[in-house]
Amino acid sequence: MTVTFEVRDGVGTIRLDRPPMNALDVAIQDRLRELAEEATRREDVRSVILYGGEKVFAAGADIKEMQAMDHTAMVLRSKGLQDAFTAVARIPKPVVAAVTGYALGGGCELALCADFRIAADNAKLGQPEILLGLIPGAGGTQRLARLIGPSRAKDLIFTGRMVKAEEALTLGLVDRVVPAAEVYEQAYAWAAKLVKGPALALRAAKESIDAGLETDIDTGLTIERNWFSGLFATEDRERGMRSFVEEGPGKATFG
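Cut-off values and rules
- Residues numbered from 1 in each chain as written.
- Predicted model: local features only at pLDDT ≥ 70, side-chain atom pairs only at ≥ 80, totals over all residues.
- Heavy atoms only, no water.
- Core = buried A, V, L, I, M, F, W, Y, C linked by side-chain atoms within 4.5 Å.
- Buried < 20%, exposed > 50% of the residue type's maximum accessible area, 1.4 Å probe, protein only.
- Helix = DSSP H or I, 4+ residues; strand = E, 2+ residues; numbered from the N terminus.
- Contact = heavy atoms within 4.5 Å.
- Salt bridge = Lys/Arg side-chain N within 4 Å of Asp/Glu carboxyl O.
- Expected span 1.5 Å × (residues − 1).
- Pairing = 2+ DSSP bridges.
- Right-handed = clockwise from strand over helix to strand, strands pointing away.

**Brief notes about the nonpolar core**
Logical step 1: Leu50, Phe57, Val99, Leu125 and Leu173 are the most contacted members of the largest nonpolar core, which totals 47 residues.
Logical step 2: With 6 residues, the top contributor of residues to this core is helix α3 (residues 71-89).
Logical step 3: Every residue in contact with Leu125, bar those within four places of it in the chain, is listed here: Val99, Ala103, Leu104, Cys108, Arg161, Met162, Val163, Ala168, Leu173 and Val174.
Logical step 4: Core analysis: the second largest hydrophobic core is formed by 15 residues, Phe116, Val183, Ala187 and Trp190 among them.

Written out as structure tokens, the structure is:
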């Protein structure tokens, strides 16, 4: 398989495995969608890691495959491409990208689908589609601008330049830079920390933030209010508040 899914102690790892560069062909795109939907369904999966292995996250789309497509073929394919990445972005659980080596084009767009990004100190990220006479087509023009702001996103997309890990950190494109040998370990620690958290409250927080970013402040506040009040119907809320009153803050355990 070119993409695998393994679960350990509540943490699911979606692993790209198409040497040497994890080029994201149609088969990988469709498999990503399937595994994102599986991660969404499975109750034993409480958080998710996106990982490309020790050497490279993903160096982009399969250019040879794309070169063979004409306009009609891409019109038919482009929605499937976006749907695959959107399925990853909408996993209603915490998702962290463990980025090693290159994360370019579709690889960068996949990392953008995560909630948090941990990069190796040797990582290089970018959206080089403009160098092919194209623009990002798997969400890059939208997710990158929302993450780092429109002017910074335009600089990266207009020029197609790659940024090293430290600049990516400065831009807000990644959230943490660590030695290459520690990327997966630290991503796992981040994901594992949330496994024992209140699953519905984590889902509510993620969906409130993500949906709120797509709308005006009043609508966003309504989304937050509805989730906030709805959580008062959950067992986790009862446990959390009871533990706070009886034992003090931070001692609650959740199912």
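**Comments concerning the pattern of salt bridges**
Logical step 1: Tallied over the entire structure, the rule returns 15 salt bridges.
Logical step 2: Two residues, Arg77 and Asp30, come together in a salt bridge whose shortest N-O distance is 2.9 Å. Pair noted here: Arg77 is in helix α3 and Asp30 is in helix α1 (residues 26-41), with a separation of 47 residues, a long-range link.
Logical step 3: Residues Glu34 and Arg31 are paired through a salt bridge, measuring 3.2 Å at the closest nitrogen-oxygen approach. Here Glu34 pairs with Arg31, and both are found in helix α1, just 3 residues apart, close to one helical turn.

**Considerations on helix α9 (residues 199-213)**
Logical step 1: Taking 1.5 Å per residue as the helical rise, α9 with its 15 residues ought to reach 21 Å, and the 21 Å between its terminal C-alpha atoms agrees with that figure.
Logical step 2: Listed in full, the buried residues belonging to α9 are Ala204, Lys206 and Ser208.
Logical step 3: Looking at the packing, one finds that the buried side of α9 touches α3, β4 (95-99) and α10 (217-230).

**Notes on the pairing of strand β3 (residues 47-51)**
Logical step 1: Among the 5 residues in β3, 5 count as buried, and that is most of the element.
Logical step 2: Because side chains alternate across β3, one face comprises the buried residues Ser47, Ile49 and Tyr51, and the other comprises Val48 and Leu50, equally buried.
Logical step 3: Examined bridge by bridge, strand β2 (residues 11-16) and β3 share 5 bridges and lie parallel to one another. Along β3, the bridge assignment pairs Thr13 with Ile49.
Logical step 4: Note on the crossover from β2 through α1 to β3: the handedness is right-handed.
Logical step 5: Pairing between β3 and β4: 4 bridges, direction parallel. Within the sheet, the bridge partner assigned to Leu50 lies in β4 and is Ala97.

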